[in-house]
Amino acid sequence: MQTDFLVIGSGIAGLTYALKVAEACPGKKVTILTKTQSDETNTKYAQGGIAGVMDLDHDSFSKHIEDTLISGDGLCNRRIVEIVVKEGVQRIEELISWGAEFDKEPEGDFKLGKEGGHSENRILHHKDITGKEMERTLLEAIKKCSNIQLINHCFVLDIITQHHLGYLVTKSTPDIECYGVYVLNLNSKKIEKIVAKISLLAAGGNGQVYRSTTNPAIATGDGVAMVYRAKGRIENMEFIQFHPTALYEAGIRGHSFLITEAVRGDGGILRNPKGEAFMERYDVRKDLAPRDIVARAIDSEMKINGTEFVYLDCRHMDHEKFLEHFPNIYAKCLSIGIDVSKDMIPVSPAAHYSCGGVKTDEWGHTSIKNLFASGECASTGLHGANRLASNSLLEAMVFSHRSYLAAMQDIESIFFNDHIPDWNAAGTTAPNEMILITQSLKELKLLMSDYVGIVRNNERLQRANRRLDLLHEETESLYQRIEVSPQLCELRNMITVAYLIVKSAELRKESRGLHFNTDYPYQGEILQNTIL
Ligand SMILES: Cc1cc2nc3c(=O)[nH]c(=O)nc-3n(C[C@H](O)[C@H](O)[C@H](O)COP(=O)(O)OP(=O)(O)OC[C@H]3O[C@@H](n4cnc5c(N)ncnc54)[C@H](O)[C@@H]3O)c2cc1C
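The structure presented is a predicted model; accordingly, all values stated were derived computationally and were not measured.

Criteria and thresholds
Residues numbered from 1 in each chain as written. Predicted model: local features only at pLDDT ≥ 70, side-chain atom pairs only at ≥ 80, totals over all residues. Heavy atoms only, no water. Pairing = 2+ DSSP bridges. Helix = DSSP H or I, 4+ residues; strand = E, 2+ residues; numbered from the N terminus. Contact = heavy atoms within 4.5 Å. Axes fitted to C-alpha atoms, helices over the stretch in contact; angles between N-to-C directions. Domains from an automatic or database assignment. Buried area = accessible area lost by both parts, 1.4 Å probe. Salt bridge = Lys/Arg side-chain N within 4 Å of Asp/Glu carboxyl O. Near = heavy atom within 4 Å. Polar contact = N/O pair within 3.5 Å; in protein donor to acceptor, adjacent residues only side chain to side chain. Areas by Shrake-Rupley, 256 points an atom, 1.4 Å probe, with all protein chains shown as cover. Parallel < 35°, antiparallel > 145°, perpendicular 65-115°, else oblique. Nonpolar A, V, L, I, M, F, W, Y, C, P; charged D, E, K, R; others polar.

Participant: How should I be thinking about the sheet that holds strand β16 (residues 357–359) in this particular structure?
Facilitator: Strand pairing in a sheet relies on backbone hydrogen bonds. The paired strands run either parallel or antiparallel. Spatially, 3 strands are ordered β10-β16-β18 in an open sheet, and the strand pairing comes out mixed. Of all the strands in the sheet, just β10 (234–235) and β18 (378–379) have a single pairing partner and so form its edges. Bridge count between β10 and β16: 2 bridges; the pairing is antiparallel. The residue bridging I234 from the neighbouring strand is V358, located in β16. Against the sheet, helix α6 (residues 222–229) touches β10 and β16, its axis set at about 45 degrees to β16.

Participant: Sorry if this is basic, but what is going on with the domain arrangement of the protein chain here?
Facilitator: The parts lose accessible area when they come together, and the size of an interface is often stated as this lost area. Domain boundaries assigned for the protein chain yield domain 1 (2–238 + 355–413) and domain 2 (242–350). Inter-centroid distance (C-alpha atoms) of domain 1 to domain 2 is 29 Å. Summing the contributions of domain 1 and of domain 2, the shared interface buries around 2100 Å²; its carbon and sulfur component is 51%. Counting the surface domain 1 buries against domain 2, the share from its top three residues, Q47, D128 and T214, is 27%. Joining domain 1 to domain 2, the criterion identifies 1 salt bridge.

Participant: So what exactly am I meant to see when it comes to the site of the ligand here?
Facilitator: Not every one of the 37 residues close to the ligand is listed here, only the nearest: T43, G49, D222, E376 and S392. One nitrogen or oxygen atom from the side chain of D222 is found 2.8 Å from a nitrogen atom belonging to the ligand. Here a nitrogen atom of the ligand sits 3.3 Å away from a polar atom, N or O, in the side chain of R387. Its free accessible area being 1000 Å², the ligand has 99% of it covered by the protein chains.

Participant: Is there a simple way to think about the packing of α6 against helix α14 (residues 486–507) in this case?
Facilitator: Remark: α6 packs on α14, axes separated minimally by 8 Å, with the N-to-C direction vectors making an angle of 75 degrees. If you check the angle between α6 and α14, you find them roughly perpendicular. Across the interface between the two elements, D222, V224, A225, Y228 and R229 of α6 pack against E490, R492, N493, T496, V497, Y499 and L500 of α14. Class assignment for the residues of the contact of α6 with α14 results in 6 nonpolar, 2 polar and 4 charged.

Participant: Before we go on, may I ask you to explain the side chain of T366 in this structure?
Facilitator: With respect to the helices and strands, the residue T366 is situated in the loop between β16 and β17 (371–373). A polar contact of 2.8 Å, which involves the side chain of T366, links it to the backbone oxygen of L371. Beyond its immediate chain neighbours, meaning those up to four positions away, T366 contacts V358, K359, T360, L371, F372 and A373.

What follows is the structure, given as structure tokens:
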């Protein structure tokens, strides 16, 4: 198959870009690939909302910029922060023009929420299902574009570069180029090649590397792993954000239900099992301190009290308002016997967001020619060492727009590469047992949660490294012998991503933002990105 524009991923980043290139080039073909259903994305699960300076009477660009820089703990790229904050408002207005609805006051102004680290109310939201509303809007808009083809159940295995033409490609090879992708088409059960002029990687996050995560099963870091294999640049992988408040359900691991920060924004209070409101002992901003501080405080309280969770107390909050703003959370809690007006909600931290990823410039270019990246798989310089809440949906829209503008400059001068060989599956056989994959996956998640979680130290990182080496060796051997499957490829990708997280964590000889290593106190002056 040949396509002018290839889009890997159908979350906010992929769909925004696809819509724009399709509308700008009605005569060109746009193909969106997604590995399961088109709406099964991190985007769909976003609750709190999207940050934007919509009320200039009370808020300003400079305040949003400052809040983002403070949260990023010295590693944000100021220019990128300014771009995202200033251009973000136009992107939000565009989304509204495509049909997205955000909650409004009776007088017609937007109801703007507040979340940790924000100095003003600036979070637009659609009840507590903002991401679902955005995904719905974008998927509906996509349907109206006749030059867009969206293929579900099409698993991208690798991006095609000069390596597949038989050339030696290393990190120092100049002008590595992307010619398209190999995919495992789960509809035809065949490995196919899709040749593209320009590709956008919008493959989302990697929360599934950890045992407990708010991310759905698709978030296995495939995009980052593919680019790393293709010798592209990856940065800041040590900065994994743990959401402080995922709903704790005994025995439930994998995809935890999120209790958005907006609940604390509206007055929810964290309490330990003794009923103490403990956040005042950790930060003057109490329950609205940035996420890393709140997550570490909860981790510490859980360790002190020997529990697997703390409580979020909403009993004092206006019940009618709670129901109106958080109907989904209310219903979920009730479904497991928790009435938030009478009972406290058990919560614990869970892996939530990857701040690092594929390194891009301010137009979304990666270090590989004709390959752009946007959304959670990208590292644009916005988040630095810690993402400010509700900045990621905004970043995805801004960078998908910028990637579209840059792609428009290039598209007429790029030609299809007609010399791409077929996928070589010689020597592989059908697998006769899955246990070799499922057990390794369990081991991977455990070691990452226990050794490379919220609090790290050098010995834990060394141990993680040694165990990863073994998992890597065994999985590569399996990969050489058996036919590829999504399960095998995801495991392989997650091992690569885990390696990148551990390696970056080892390189950072300080505690900063989300990376907290008890062997290194916070120093303040080392301000460089870890690039692999
Ligand atoms: C529970 C939860 C709540 C959140 N709340 C907020 C919030 O309130 N505000 C905010 O700003 N951010 C929030 N976030 C973060 C935000 O939702 C994500 O960062 C953002 O949606 C990522 O969008 P994306 O387009 O980059 O990726 P995604 O939306 O995750 O889409 C990834 C796409 O890539 C595809 N894909 C991946 N690998 C492959 C492969 N190998 N082959 C083919 N396709 C592939 C997937 O199928 C999917 O279509 C939240 C995240 C979660 C999980």
